[in-house]
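Structure assessment
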Amino acid sequence: MNSAGRRTRKDSGSGDNSSRTMRTRQDSTIKDINGVLSVRFLDDADALEKICCISKTAPKMSRVGELLRNSQHLISHRAGTPMTVADPDSESEPESPPAQPNAALTELNSAQLEVEDTVRGTAVFGFQRCHRRSHLRRVAEEFAQKSPVKTSAADIKSPGTPRRGCSGLPASIGSGRRGGRRPVSRTVDDRNRSRSRSRSPPPARSRSRSKSRSRSRSPPPPQRNGRTPSTPKSAAGRTPQTPRGRASAALPAKTPQTVRRKVKLRLSKLKQEDIAVSDDDDDSDVSPLEDSSEDEYKAPMEEEEDDDEESEEEDDEEEEEEEASTVPPAAVRGRGGAPRRRPELEPAAVSAEDYFSLHSAGGPTSNHTLSRLSEPRLSGAALRALLDARPTDHAAERAALLTDLEIMFPHWLAAVSHGFNILLHGLGSKRDVLERLRRQHLRERLHMVVSGYHPSVTPRQLLLTLLEEALDVPAPPSKLEAQLEAVERRLAAPGAPALFLLVHSIDGPMMRAEKMQYVLARLAQLPRVHLLASADHINSPLVWDQHKLAQFNFLWFDATTLLPYTEETSYENSLLVRQTADLALSSLRHVFKSLTPNARGIFILLAKNQVERASDKTFDGMPLSELYQRCRDAFLVSSQVALRAQLTEFRDHKLIRTRQSHDGVEQLTVPLEAALISEFLASCEDS
Amino acid sequence: MATSSLTKDFQEEMFNTVFHEMIEYLQGSVDIEEDASIPTATLITGVNMPDHTGVFRSLAERLRAQVTAHVAVLEAASCATVQATVRTMVRQLTAAGEPLSPDVPVVDEDEEDDCLLDVPDQTSRQRRAPATMPALVAHYEAAQETVASPKKGSPRKRARTAPQRRPLVVVWRDLEAFQPRVLQDLVLICSQYRSRLPISFVFGVSTCASAVHRLLPQHVSARLSLHKFHSQLATHCLAEMIDKVLLSPSMPFRLGGRALRLLLDIFLYHDFSVNNFISAYKFCMLSHFLWSPASALCCEPNQLEERVEELTGAQVAGLRALPSVRAYLDDLEQEERHTLQHDGVFKEWVLHMAPKLHSKHEELLVGLRCLFALTKRLPGALLGKQFREAYNLALLHALPERDEYKRTFQLLSMLSRQELTATLEHALEAVSGSGSALSTVLRTQLDRVRAVDDRPTPVSAEESSQQRRLVADTLKQATSRQSLRESLQSMGAARNARLNPYETLRSALLAELDEHLRGLIVQPSKWPFNECVVFDDVSLVRRRLVGAPRSSVQTALADPAKYLQCTCCQLGDAASIRPTMPDLCIVYKLHLECGRLINLFDWMQAFRAVVGASDDDQTIQARFAHCVAELQFLGFIKSTQRKTDHVARLTWGSC
């Protein structure tokens, strides 16, 4: 990218900025037209309904839309905009492997390289054979075209067969390298650059090189950049071929890895800040899909581009270096204007080696246990009381995050009315967000809330509730498929209302089941069902396959609230919270009440036995035969079949657990602590 | 805007031919009654699963309309056992036959449908005949009779229709998902009934035809007579879609280069789903109209005047501030710019300029189609193999300035006469429908090329002898290889300089063509007012369509200040910890320092050390316990039995 190009880019960037401010000013008036348009835009089957919904919200929406836009603008100045944070690229910013660009061209110098140290040689040649080959071919091809010798059509038609490339290349490149003998074309220059790059790994040396370059460039600044033909860099007295190759090849060994990494880190930071300034709108984030193309997006028009990816990567790095050299106080510059839009995750980028280091260096942990504490496990109630007594930190900031999200509500509703579904992700409990949405906008609409974090949600229960409570279907069918069909039929009927399905933690423990997601996906697919869900688990996307994702048709919104997951974690068996088992005990009581007297007797017999032998360490359940014997003695059952029928019922309600002992005997236990059982027994005797 | 109807039509059309063939095959399948094998149409659908719902729905519709009323579509989800499968199948087959046979003593499905919401479903189920194969046979025979009997028209007509029994078609959606056992049993069962019921199958296979044989052993597949049908490739569908919908002149809305590229990338590297592409396109459209103020002018040309009339002063100012407009204004003369400051004049100017957006796009398309046709035959696929690639390139860059363009003309300038004629014919074909000036240019060019003489200019004897002498001289004079080479090169250049008439014409033609194309292919971002119709907010689209939940969670944990925007938690170094950070972040950061197992007690001590002694021990313990529970909920740690009071880390790396 030459200096002119760079400048224009900056200009256009600042132009964008100012135009944006203009736009926000103008919003207030264009909004009404927008309202009209959004109505015109609708053309779906149930257009009428949507039009109604839009037109109802239209005045509000356009107002809020304006607000939103203003606020987005505001946020982008106030904050690091939560929206950009979700960049997929943050997971893996590709760093061009230092060996890669080298590979092809170093081979061209193979004559020299062969005498170089073998360690480096293997590093260069060990990988990416075919990459190297193809690059070689491309270079050859390029040269064949640019070379002044007129090539015949036939030659061009079969461009760059490897053999031709190989034989043709060294000589031609040699002539190119010998300097400005012929009019320095861009390619030659470029090749020079890339060759010079190839001889040393980018980051480490780049500092020194770019410094020297900037020094040599400093007096008249116009041509900062190697792209332009007559840069001092390319013309500058390059040291002769051989020593250069050697010197640079030796260099990387000298630079310690740590230094290299530091430099790279700083470079990437500088680059980011530069991007944030130059165009803070969209280019600042890259998806993994577009790694190689990103710099193309940024490229100004006058820049000629290499169609070859490798050199693009090189260019990319080149830019970094330049930015490092020409923009020393970049940090200051970056912070002056727009805030950084992209969170820097590069330093923390996960590398595969981390996995192995984690698993190999499993250093011993200390043998301390929680028993050293005065009270190793707090009870749930005590924990809640202690936390409630404490003022929350960052209360104002968290509230601001919530209000920011509130502004998005109309946006969500608009998207939802056009057949999309909303998925909220990000750190913090999103219960409040959906709850606020429900209170503010869905009060008069038909809606249903599903608490996915609850450990007892089942698809059948969900559908039953939906049919009975929401859709007023008396006596719904019992089979899952039939239920789904009933819902579908009910909602397909003309005049059926739109149903808003709010799902907290769509990836909750019980929601991960295939059946559950199948049901939700089927529901979400219906045109009258609008799904607004939140996802919390870091691996939540694994729940959906291609087909389900298409059915869900999600729009993803970053709804980071940083609020505590109080409600969500209260059901989980937390490691540090004492299991009060209030829940288990109360459920036990409920089931117990519905049992026949004989069944109660069997259970009490089993429980008593367990309490009696609580201290016995070898006890691992009551054998079935023993239980049968005792039950017969107490006239509780008359046959083993009857006993088994009772036990099946217990098992279904999770009152007992059966286990096969090593000798094949079935052993029965009550899966509760002895203290709890005795408490239960005592309450039984009372009543 | 009839996008959805457009896309629907187009999908119907795409599968027209395949369906047509299949339907013919299935209609013919009734006749082979004596044969025990079941006629089976294997429809290879491709891996774009999300699109299949629509494909099979329209297939079933067509079958019902054209072949038979007895169609059952089976899905793996509802066919876990043979019993369930038979029930689903028979239900669907008989239900569809219902309207044909109102007298059959089976509960009328229509009636049931109506009263389903009032009458308990259970009872209606019981009233229905049992869903078994014998019941199906009985039902089918009854249905056939009722079809045949009321036709008391002319005997000739009756004779023609009577033998035509309606087949029963069972469509297996996504065959690979079924249990092999169920599938085999059902095939065997159906083949038993083949003599009485003209059953035929449609297998929807998404991988390859051999999947059928992988699922069915030989003795089962021997009962089938398989016939293979290929559905349209998803990429073809996409190409058609882009051509018919995105590039259609009736569509005022356009995708920008980067947005289109993202959508294409999602399609090509992610799901191959045309439906998803359409949905993403719809999202772009929605965003454009809802959130871009300039979209006020994005409408049909005939509505434009009205819209411009409605513009308020602020809106005009906004339009004036559009980057493309400003760039255009800056290039104008001072006076003209002054006159345009006036709102009325500006509006007129808008009315003058805005319709050009559409014509410009048309021009761009014509130019591109021509250029694409020219490059198509050239080696190296300079502009890509599909038109969409060329289109995307033209949106992203100023194409005439690019290498690809230059190389195209370089290569064209080496074509022989036959090749050039063929290429020009192709180009002419590509643009002929557009009625643009380019087609006439191409036609005249073609005529000229055909007329020209491409024999080399005869070399006179004198000249050739001179040449020979020259060569001999050089050979003698050459003292080194290098000098020989140089002299040979110069000689070659001298000879090449003399062109024959065809070559002269060729370069002239290409220059002319180049000039025309440069005029046509203008990057949309250069058009004034392009923001009105072009949507290119790629980062928004990416954030919405390509979710990245994990990175948002980890960013918030690693650097909460990015979200909270507080001054107290600014981190100099990514790895550092501030006591002011939210508890969860502190606990998370501490856990990053651990290996696979984490000692809870030590972890808590570290937490205590970071947050300081502001709270009593119990409170700190409570805070810590809550955070651990949250981390567990988020999936960073899990409990483990390997060591007392330890938890296992589930992530790795330092983020």
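Basis of the calculations
- Sequence positions are assigned chain by chain, starting from 1 and proceeding in written order.
- Chain A is the first chain written and ligand 1 is the first ligand written, with later ones labelled in order.
- With the structure being a predicted model, the display of local features is reserved for residues of pLDDT at least 70 and the display and counting of side-chain atom pairs for 80 or more, all residues being used for whole-chain, interface and lining totals.
- Hydrogens and water are ignored here; the side-chain numbers use all heavy atoms of the structure.
- Runs of H or I in DSSP of at least four residues are treated as helices and runs of E of at least two as strands, each being numbered from the N terminus.
- To sort residues, take the accessible area from a 1.4 Å probe on protein chains only and compare it with the maximum for the residue type: under 20% means buried, over 50% means exposed, and anything in between is partly exposed.
- How far a helix is expected to stretch is found by multiplying one less than its residue total by 1.5 Å.
- In this description, the arc belongs to the directions extending from the helix axis to the C-beta atoms.
- Throughout, a contact is declared for two residues whenever any of their heavy atoms are within 4.5 Å.
- Here a polar contact means two N or O atoms within 3.5 Å. Within protein one must be a hydrogen donor candidate and the other an acceptor candidate, and residues neighboring in sequence count only if both atoms are side-chain atoms.
- In plain words, nonpolar cores are sets of buried Ala, Val, Leu, Ile, Met, Phe, Trp, Tyr and Cys residues tied together by side-chain atoms within 4.5 Å.
- As a per-residue quantity, pLDDT reports the predictor's confidence and falls between 0 and 100.
- Patch membership requires over 30% relative accessible area and the absence of a salt bridge. Like charges are linked within 9 Å, and nonpolar side chains (Val, Leu, Ile, Met, Phe, Trp, Tyr) within 5 Å.
- Note on areas: Shrake-Rupley, 1.4 Å probe, and residue coverage restricted to the protein chains presented here.
- Salt bridges, as used here, are contacts in which a Lys or Arg side-chain nitrogen is within 4 Å of a carboxyl oxygen on Asp or Glu.
- Under the counting rule used here, the positive set is Lys and Arg, the negative set is Asp and Glu, and His together with the chain ends is not counted.
- Note on charges: their place is set at NZ of Lys, CZ of Arg, CG of Asp or CD of Glu.
- Ring pairs shown here join Phe, Tyr and Trp side chains whose ring centres sit within 6.5 Å, with only the six-membered ring taken for Trp; geometry is labelled stacked below 30 degrees between planes, edge-to-face above 60, and tilted in between.
- Think of it as a cone above the ring: NZ of Lys or CZ of Arg counts as a charge over the ring if it is within 6 Å of the ring centre and within 35 degrees of the ring normal.
- A strand pair is defined by DSSP finding two or more bridges across the two strands.
- Angular values range over 0 to 180 degrees, each being the angle between N-to-C directions of two axes fitted as lines to C-alpha atoms, with helices fitted over their stretch in contact.

Note on backbone geometry: most residues besides glycine have negative phi, and most peptide bonds are trans. The backbone of A:A475 shows a phi angle near 50 degrees, a positive value even though the residue is not glycine. As for its placement among the helices and strands, A:A475 is situated in the loop between α21 (459-470) and α22 (480-492). Given a relative accessible area of 45%, A:A475 falls into the partly exposed group. Of note, B:D645 is a non-glycine position whose phi angle comes to about 55 degrees, a positive value.

Residue and element names in this part refer to chain B. With 16 residues, helix α22 (residues 417-432) extends 22 Å between its outermost C-alpha atoms, agreeing within 8% with the 22 Å of an ideal straight helix rising 1.5 Å per residue. L420, T421, T423, L424, A427, L428 and V431 are the residues of α22 that are buried. Looking straight down α22, one finds that the buried residues subtend no more than 165 degrees of arc, so they occupy a single side. Exposed and facing more than 90 degrees away from the buried side of α22 are Q418 and E429. Buried-residue contacts for α22 involve α19 (343-376), α21 (403-412), α23 (437-451) and α26 (501-520).

A few words on the environment of A:N367. Relative to the elements of secondary structure, A:N367 occurs in the loop between α17 (352-360) and β1 (378-379). Ignoring any residue separated from it by four or fewer positions in sequence, one finds A:N367 in contact with B:N599 and B:K643. At a separation of 3.2 Å, a polar atom in the side chain of A:N367 contacts the side chain of B:K643.

Turning our eyes to something else, we now look at the nonpolar core. Counting 146 residues, the largest nonpolar core has A:W412, B:L255, B:F277 and B:F529 as the members making the most contacts within it. It is α19(B) that contributes the most residues to this core, 15 residues altogether. What B:L255 contacts, discounting residues up to four positions off in sequence, is B:L246, B:L260, B:L263, B:Y281, B:C284, B:L395, B:V534 and B:F535. Within the second largest apolar cluster, 41 residues are counted, among which are A:L427, B:V553, B:C566 and B:V628.

Before going further, it helps to spend a moment on the confidence of the model for chain B. Residue and element names in this part refer to chain B. Of all residues in chain B, 87% have pLDDT values of 70 or greater, and the mean over the chain is 81. Scored below 50 in pLDDT, residues 97-127 makes 42 contacts in the model with residues more than four places away or belonging to other chains. This stretch, residues 150-163, has a pLDDT under 50; its non-local contacts, to residues over four places away or in other chains, come to 4 contacts. We note a pTM of 0.66 for the whole complex and an ipTM of 0.82 for its interfaces.

What follows is about the environment of A:S587. Residue and element names in this part refer to chain A. Take S587: it is sitting in helix α26 (residues 582-593). On the accessibility criterion, S587 (38% relative accessible area) is partly exposed. Note: C-alpha distance between S587 and H653 (66 residues apart in sequence) is 9.0 Å.

Time to look at a nonpolar patch on the surface. Together, A:Y355, A:F356 and B:W652 line one region of the surface with nonpolar side chains, adding up to about 300 Å² of accessible area. Here A:Y355 shows up in helix α17.

Side chains of A:R460, A:K479, A:K515 and B:R87 sit close together on the surface and give a patch of like positive charge. Within the fold, A:K479 resides in the loop between α21 and α22.

Turning next to the packing of aromatic side chains. Within the structure shown, the criterion is met by 32 aromatic pairs over all chains. With a centroid separation of 6.0 Å and 75 degrees between ring planes, the pair formed by A:F603 and A:F680 is classed as edge-to-face. Linking A:F603 in helix α27 (residues 597-612) with A:F680 in helix α30 (residues 674-686), this pair joins segments that are 77 residues apart in sequence. Through a chain of ring-to-ring contacts, three or more aromatic side chains come together here, namely A:W544, A:F552, A:F554 and A:W556. Positioned over the ring face of B:F346 is B:R320, at 4.5 Å from the centre of the ring. The ring of B:F387 has B:R369 lying over it, and the distance from NZ or CZ to the ring centre is 4.8 Å.

Right, let's get into the sheet that holds strand β5 (residues 224-230) of chain B. Residues and elements named next belong to chain B. Ordered in space as β2-β3-β4-β1-β5, the 5 strands form an open sheet in which the pairing is parallel. Of all the strands in the sheet, just β2 (71-74) and β5 have a single pairing partner and so form its edges. Neighbour to neighbour, the strand axes of the sheet diverge by 20 degrees on average, direction disregarded. Pairing of strand β1 (residues 38-44) with β5 involves 7 bridges; the strand directions are parallel. Along β5, the bridge assignment pairs A41 with H227.

Looking at the element boundaries, B:S324 is found in helix α17 (residues 323-331). Not counting the four nearest positions on each side in its chain, B:S324 is found in contact with B:S525, B:W527, B:P528, B:F529, B:N530 and B:E531.

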